[in-house]
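Architecture at a glance
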Amino acid sequence: MKQRANVPIEIEIEIKHLLIFSLSLQLHLSAPPDITSKLSCMGFFSIFSKEKKKELDKGLEKSKESFFAKLAKTVVGKSKVDDDVLDNLEEVLVTSDVGVETTLRIIERIESRVSRDKYLGTEQLNAILKEEIVGLLLENDIEKANDFVIPKMDTPYVMLVVGVNGVGKTTTIGKLAYQFKQKGYSVTLGAADTFRAAAIEQLEAWAKRADVPIITQKMGSDPAAVAYDTVASAIARKSDVVIIDTAGRLHNKTNLMNELIKIKNVIRKLVPDGPHEILLVLDGSTGQNAFEQARQFCAATEVNALAITKLDGTAKGGVVIGISDQFKIPIKYIGVGEKIDQLQVFNRAEFVDSLFPDNW
């Protein structure tokens with residue numbers, strides 16, 4: 001693809017994906033079933049690999065079914081998109097954990113579309129909804145993860161993982177270690193959650209499954225000391241990636257938040273520009289609580305990446321749309337199953353496509 005002058009290649013790729021996605025939706029609306037089927041077989045509608053897309057579809061099954069039931073009710077007895085349909089759609093989006101602010105932005109975009117196109121049939125609403133949500137999310141020009149890759153650097157890429165207890169922090173670390181190793185990176189884990197009895201043992205089990213080394217100390221040890229030893233060991237091993245677990249904490253626990261500052265400071269003694277990524281893990285099954293946790297953590301510490309877990313066990317997948325829209329921090333990873341390889345890099349267009357039903 002020829003790059004436009006002064007336009008970063010990442011933006012070019014994002015534009016290309018959006019154009020392909022929009023064109024595919026138009027073809028779905030206008031082409032006869034036999035042609036649509038042939039195009040699908042050719043892979044025209046696919047940006048993800050088929051395996052990843054299938055996994056994402058399955059992971060979002062409960063959310064999709066919930067949306068389907070609610071959306072179907074908005075168009076009962078209606079042939080075109082009118083004010084009543086839009087009012088009902090607004091309620092569907094809010095009750096599906098998309099969030100009020102994001103819902104209003106989506107409705108505004110659809111109202112503009114209705115006004116511009118004059119007549120829109122309710123049978124087109126689903127495709128229009130997908131198009132407008134993807135368009136909205138792409139307006140948020142934030143860094144987008146491209147597969148499990150890290151920047152080239154002379155030191156290890158240091159990740160600090162934070163979040164409250166029970167959100168899937170340890171599991172996410174294990175899955176990240178596995179995915180990075182599959183890409184050919186060497187990985188070292190650090191068990192700096194020394195407060196919770198089972199935390200060290202759980203991370204050791206994940207390290208064994210991912211087949212990567214782990215640095216531990218006994219329970220009650222200084223977490224900053226564990227972090228320092230982990231980074232020092234990674235440098236000695238010439239590891240590419242360091243992932244450090246931290247104690248589950250609430251944003252308003254001052255001592256625990258101060259501890260994060262201490263951990264960052266000791267890391268910088270060895271890697272001056274580290275940690276390179278502070279990853280906040282959120283449990284997608286908690287709906288709006290995940291949204292609130294993101295807001296509070298981002299205000300309290302320097303979070304620069306998000307992971308949303310447990311999407312396969314919930315009907316609240318809509319929260320991902322709201323978080324992606326509202327925060328200037330990228331959602332980098334989503335958990336769509338319990339297996340070690342069921343952590344995906346977040347793709348906005350494919351997520352929306354999997355979240356909404358294909359037809360009524």
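For the structure itself, look to the data block above.
In short, a report on the structure. (Residues numbered from 1 in each chain as written. Predicted model: local features only at pLDDT ≥ 70, side-chain atom pairs only at ≥ 80, totals over all residues. Heavy atoms only, no water.)

Cis geometry is found at the peptide bond from G274 to P275, where omega equals -10°. Position of P275 relative to the elements: it lies in the loop between α11 (254-270) and β5 (277-283). In this model, D97 sits at a positive phi of 70°, which is unusual for a non-glycine residue. Its place among the elements puts D97 in the loop between α5 (83-95) and α6 (100-117). (Helix = DSSP H or I, 4+ residues; strand = E, 2+ residues; numbered from the N terminus.)

Attention now goes to the nonpolar core. Membership of the largest hydrophobic core comes to 98 residues, with the highest contact counts inside it found for F180, I243, I323 and F351. The dominant element in this core, judged by the number of residues it contributes, is helix α7 (residues 125-139), at eight residues. Discounting residues that sit within four places of it in the chain, I243 has contacts with M159, V161, I173, L176, A177, F180, V187, T188, L189 and G190. (Core = buried A, V, L, I, M, F, W, Y, C linked by side-chain atoms within 4.5 Å. Buried < 20%, exposed > 50% of the residue type's maximum accessible area, 1.4 Å probe, protein only. Contact = heavy atoms within 4.5 Å.)

Where nonpolar side chains cluster on the molecular surface, the patch consists of V94, V100 and L104 and spans about 240 Å² of accessible area. Take V94: it is sitting in helix α5. (Patch = residues over 30% accessible without salt bridge, like charges linked within 9 Å, V, L, I, M, F, W, Y side chains within 5 Å. Areas by Shrake-Rupley, 256 points an atom, 1.4 Å probe, with all protein chains shown as cover. Salt bridge = Lys/Arg side-chain N within 4 Å of Asp/Glu carboxyl O.)

Counting buried residues along helix α13 (residues 319-326), seven of its eight residues qualify, which places the element largely inside the surrounding structure. Buried residues of α13: V319, V320, I321, G322, I323, S324 and D325, and no others.

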